[in-house]
Amino acid sequence: MQNGNKKLYIETLGCAMNVRDSEHIIAELTQKENFEITDEADKADLILINTCSVREKPVHKLFSEIGAFNKIKKEDAKIGVCGCTASHLGAEILKKAPSVSFVLGARNVSKITKAIKEEKFVDVDINYDESEYAFGEFRSSKYKAYINISIGCDKKCTYCIVPHTRGEEISIPPSIIINEVKRAVSNGVKEIFLLGQNVNNYGARFSDKTIKKMDFSDLLEMVSEVEGVERIRFTSPHPLYMDDKFLKLFATNPKICKSMHMPLQSGSSEVLKRMKRGYTKEWFLDRALKLREMVKDVHISTDVIVAFPGESDKDFEDTLDVVKKVRFEQMFSFKYSPRPLTKAAEFKEQIPNDIASKRLKTLQDLHTSIIDEISLKQKGKTFSVLFEELKSGGMIAGRSDNNFMIQAKGSEEYLGKIVDVFITNPKRMVLYGEIVE
Ligand code: 5AD
Ligand code: SF4
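Residues numbered from 1 in each chain as written. Chains lettered and ligands numbered in written order. Predicted model: local features only at pLDDT ≥ 70, side-chain atom pairs only at ≥ 80, totals over all residues. Heavy atoms only, no water.

**Student:** Give me the lowdown on the site of ligand 1, citing residues and values where you can.
**Tutor:** Around ligand 1, a shell composed of Val54, Arg55, Tyr159, Gln265, Asp303, Ile305, Phe334, Lys335, Tyr336, Ser337 and Arg339 is seen. Between ligand 1 and glutamine 265 there is a distance of 2.7 Å, counted from an oxygen atom to a side-chain nitrogen or oxygen. Interatomic distance of 2.6 Å between a side-chain N/O atom of aspartate 303 and an oxygen atom of ligand 1. For ligand 1, the accessible surface in isolation is 400 Å², of which the surrounding protein chains cover 85%. Of the residues belonging to the shell around ligand 1, the class tally is five nonpolar, two polar and four charged. (Near = heavy atom within 4 Å. Polar contact = N/O pair within 3.5 Å; in protein donor to acceptor, adjacent residues only side chain to side chain. Areas by Shrake-Rupley, 256 points an atom, 1.4 Å probe, with all protein chains shown as cover. Nonpolar A, V, L, I, M, F, W, Y, C, P; charged D, E, K, R; others polar.)

Listed below in structure tokens is the structure:
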């Protein structure tokens, strides 16, 4: 990276998409505007908060954070708010927090160089098309490259604010993606992480109408053919689009890591209908259990929302039932949070918080007992691990092909290498093992 004379402090909340957006912003500002990154906000000339709005809590936190930055920032330092909360609150942020200089929506990151030069700049246009814009190169990991394959989301899940913050879905042309993959690999990257709100809907719409029809499986094959790519991951796929072609490619292509995110959201077909997810409990179970059958040691992660409006005890039992049957290796679970602009926020029968809390605990306790059993079963297995990080006590850490967090004794020489590890001491969050030479 270039050594600039202005300092940028950037805080990133939310999902992998936001992490990549922050990388884009850093690339623009360090390569075109002579900035360098700092991790000390009080030394920064520009403080950026890249926000998430998927649940209510982080939105509340934004204003107290701006207040905290006001107290420590250099007198002439600028504060900018980007990301999904910027998209949804827009100019209101400037009114509520006059120290903020600009508000840049999640679909407008390429305009960052413009935003920093103007006074009180707001751009939260969700129709802006960035799909053919080649962003500069900055990666927070040396060995893993996040690469966007689409922007926005066309699904209208009734709980979700994202279509209102990131706009309609447009696929990025395959030529831009493949160039980015090649560039990353030539810089030493081993693992390609494809990103989109709904990755397996890839190809549904390109802005360039001359691009030949293709789907996500076709793109995965193209990426896997790039020389030097050793691992491919992606997030998030939608269970609705997990057709047989996709599952077969996932199972048989050796470069595709055997880890699938399958956001369940609810196990009740009734609730799924009101969420507008487009699949039933039976479809989800069929896909997940088929995956288990096809891929030995597959790692399945999920997202679950409890207490969606109108969720009955019986509906919640259905969610527990799916969790018991699929036995997810990882689960992210949330209490339903009503979001502005969404249909579900207007649904009657919002569930009282005490019931929501009780359900969340029941679900999380069930899942903890499942992962404890899963972890124990990994003892004596061997996994291939990409080591990425030095830990204290002479340990190194990385992820197995099937996404377990693994640690072993080792030094720098293993960083960026994919090696076999024999698991000797599995714990709930980390499997400890020994490198097999
Ligand atoms: N309330 C609670 N959780 C939500 N998510 C999305 N919207 C909401 C909401 N309104 C969860 C979903 C999604 C994850 C990123 O966040 O589970 O998959
Ligand atoms: Fe990511 Fe959704 Fe949060 Fe936006 S609202 S940062 S898309 S999780």
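So much for the structure itself; the text now carries on.
**Student:** Summarise the sheet that holds strand 7 (residues 144-148); cite the residues concerned and give the values.
**Tutor:** With parallel pairing, the three strands of this open sheet are ordered in space as 7-10-11. The strands lining the two open edges of the sheet, one partner per strand, are strand 7 and strand 11 (231-235). When the angles between neighbouring strand axes are averaged without regard to direction, this sheet yields 25°. Alignment of strand 10 (residues 191-195) against strand 11, held across five bridges, turns out to be parallel. The residue of strand 11 that forms the bridge with leucine 194 is phenylalanine 234. Packing against the sheet, helix 7 (residues 174-186) makes contact with strand 7 and strand 10, and its axis sits at approximately 165° to strand 7. Packed on one face of the sheet, helix 8 (residues 216-224) meets strand 10 and strand 11 and runs near 150° to strand 11. (Pairing = 2+ DSSP bridges. Helix = DSSP H or I, 4+ residues; strand = E, 2+ residues; numbered from the N terminus. Axes fitted to C-alpha atoms, helices over the stretch in contact; angles between N-to-C directions. Contact = heavy atoms within 4.5 Å.)

**Student:** Tell me about the domain arrangement of the chain, residues and numbers included.
**Tutor:** Segmentation of the chain into domains returns domain 1 (6-123), domain 2 (130-257), domain 3 (260-377) and domain 4 (382-435). One C-alpha centre belongs to domain 1, the other to domain 4, and the line joining them spans 35 Å. (Domains from an automatic or database assignment.)

**Student:** Can you tell me about helix 1 (residues 16-32), naming the residues and giving the values?
**Tutor:** Side chains three or four residues apart in an α-helix point the same way, a direct result of the helix having 3.6 residues per turn. Helix length check: helix 1 (17 residues) gives 24 Å between terminal C-alpha atoms against 24 Å at 1.5 Å per residue, within 8%. Here helix 1 lies mainly inside the structure; 13 of its 17 residues are buried. Note on helix 1: the residue one or two positions beyond its end, asparagine 34, has a positive phi of about 65°. (Expected span 1.5 Å × (residues − 1). Buried < 20%, exposed > 50% of the residue type's maximum accessible area, 1.4 Å probe, protein only.)

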